[in-house]
Amino acid sequence: MLFEDLPLSEDILDALYDMHFETCTPIQEQCIPPLLQGRDVIGIAQTGTGKTAAYLLPLLTRLQREEHPVDAVNILVMAPTRELARQIDQALEGFGYYMQPRGVAIYGGNDGIRYETERKALSQGADIVIATPGRLLTHIDLGTLDLSRTTHLVLDEADRMLDMGFSDDILRIVSQMPKQGRQTVLFSATMPEKIRQLARTIMNNPVEVRIAVSKPAEGIEQRVYICRERDKDYILRRIFEDQRPERVILFASKKTKVKELHILLKRAGFNIEAMHSDLDQHERDQVMLRFKAGQIDILAATDIVSRGIDIDDVTMVINYDCPREAEDYVHRIGRTARAGRRGQALTLVGESDMPALHKIEKLLEKQVPRAPLPDGLQPPTADEIKKQQAYGRTRGRKRAGFQGRRKKRGNDAQKRNKKEPRK
């Protein structure tokens, strides 16, 4: 379907023409019509399918055609990371070129000058605000953001936000918005039960659009090392000794592990930098610019880099651990072999990673080739794998119980404070 076949604003169509966008992607073709009709929509699609345009184009069209208060925030787009928020803001500039909507991007990691700029912009009202949950709550708590008249809400990469622990924050933010007459859009790469529960809580009879997850590009050579967890660091060094690292992304699921790998490989003489949520925005920008310029050989990162970040010429992706969701594996290794190029994707699979590997191979509908371990190393035995998985289940139950008790204590404390106000 062509964009001009959809009832979009003429200003939007002119901008798309200038940007050489003619044909809709499947997610755009299926999401734009119901969004133009005012329906709530759940879009299940991976990064790179055009989901940003799938919600921005119809919402900007509605913004132009319908009356909205000029002193209110009309559209709120929430994203899990600063990088994605900035990317959405850049897309808004292109799609809204002839409309000139009043857009404000707010996210953490900035100095006081940027915060003051955000505060002034929000006080005047905005057609669209693009924000990360933490920064959004800061403005709400300080009284610089009023969402009581916000009529459109978009949750982009909702699964990632929930994985990062923003569930309660999202519900608190949504509670500040009108319950009636609000259009809610939720995009996610996966559809676990926690996303369905969120949708039932905040959405009204949504249209569900599901685009099948694409398989990894044919140009990616995939291999896994079935190893003991304690041998991963040694295997990693051997990989880089056997093949000089150049434009490599090294993924780990936790920022603490990213920091450890950064120190480990830096001491071993490798040209490596780290990318994680503890860096401020300026530091992140500098790391990304240096990596894109070829000044850094290895970028150690959390999944903050796995979605929505365009980095060309990545020759190798290494998963220090298996991502728990199979779709995240596809996102990670999709950073290499772009635009018809070839690349390698290596995954270190320890004892506790085996269930995740089975999920990945089920999604891929094939077994990922096994790489031989360096001389002197042995794969874990079946008993070791079983013991580690049993330990993981026990630890998970204990952690869930601890979190439940901590939440109960917090609720009890709130009740006591209400009943017994301090004198």
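Here, every reference points to the structure presented above.
Procedures and definitions
- Residues numbered from 1 in each chain as written.
- Predicted model: local features only at pLDDT ≥ 70, side-chain atom pairs only at ≥ 80, totals over all residues.
- Heavy atoms only, no water.
- Axes fitted to C-alpha atoms, helices over the stretch in contact; angles between N-to-C directions.
- Helix = DSSP H or I, 4+ residues; strand = E, 2+ residues; numbered from the N terminus.
- Parallel < 35°, antiparallel > 145°, perpendicular 65-115°, else oblique.
- Left-handed = near helix turned anticlockwise from the far one by under 90°.
- Contact = heavy atoms within 4.5 Å.
- Nonpolar A, V, L, I, M, F, W, Y, C, P; charged D, E, K, R; others polar.
- Polar contact = N/O pair within 3.5 Å; in protein donor to acceptor, adjacent residues only side chain to side chain.
- Phe/Tyr/Trp six-rings, centres within 6.5 Å; stacked < 30°, edge-to-face > 60°.
- Buried < 20%, exposed > 50% of the residue type's maximum accessible area, 1.4 Å probe, protein only.
- Lys NZ or Arg CZ within 6 Å of the ring centre and 35° of its normal.

Student: Lay out the packing of helix α2 (residues 26-36) against helix α3 (residues 51-65) in plain terms, naming residues and giving numbers.
Tutor: Pairs of packed helices are described in terms of their axes, by the angle between the two and the distance that separates them. Taken N-terminus to C-terminus, the directions of α2 and α3 make an angle of 25°; their axes are 9 Å apart at the nearest point. Regarding the angle of α2 to α3, the classification is roughly parallel. Between α2 and α3 lies a crossing whose hand is right-handed. Contacts between α2 and α3 involve Ile27, Gln28, Cys31, Ile32, Leu35 and Leu36 from the first element and Lys51, Ala53, Ala54, Tyr55, Leu57, Pro58, Thr61 and Arg62 from the second. For the contact of α2 with α3, the class distribution of residues is 10 nonpolar, two polar and two charged.

Student: Break down the side chain of Glu351 for me, with residues and values.
Tutor: Within the fold, Glu351 resides in the loop between β13 (343-349) and α14 (354-364). Only 2.9 Å separates the side chain of Glu351 from the backbone nitrogen of Glu229, close enough to count as a polar contact. The residues touching Glu351, leaving out its near neighbours within four places in the chain, are Cys227, Arg228, Glu229, Pro380, Glu384, Ile385, Gln388 and Gln389.

Student: Could you give an account of the packing of aromatic side chains, with specific residues and numbers?
Tutor: A complete count under the given rule lists four aromatic pairs for this structure. Centroid distance Phe21 to Phe95: 6.3 Å. Interplanar angle 55°. Geometry classified as tilted. Highlighted residues: Phe21 in the loop between α1 (10-18) and α2 and Phe95 in helix α4 (residues 82-95), separated in sequence by 74 residues. On the basis of relative accessible area, Phe21 is assigned to the partly exposed category, the value being 38%. Note on Tyr55 and Phe187: the rings are 5.6 Å apart at their centroids and 45° apart in plane angle, and the pair reads as tilted. In this pair, Tyr55 is assigned in helix α3 and Phe187 in strand β6 (residues 183-188), connecting sequence segments 132 residues apart. Each member of the pair, Tyr55 as well as Phe187, is classed as buried. Residue placement shows Arg247 over the ring face of Phe291; its charged tip is 5.0 Å from the ring centre.

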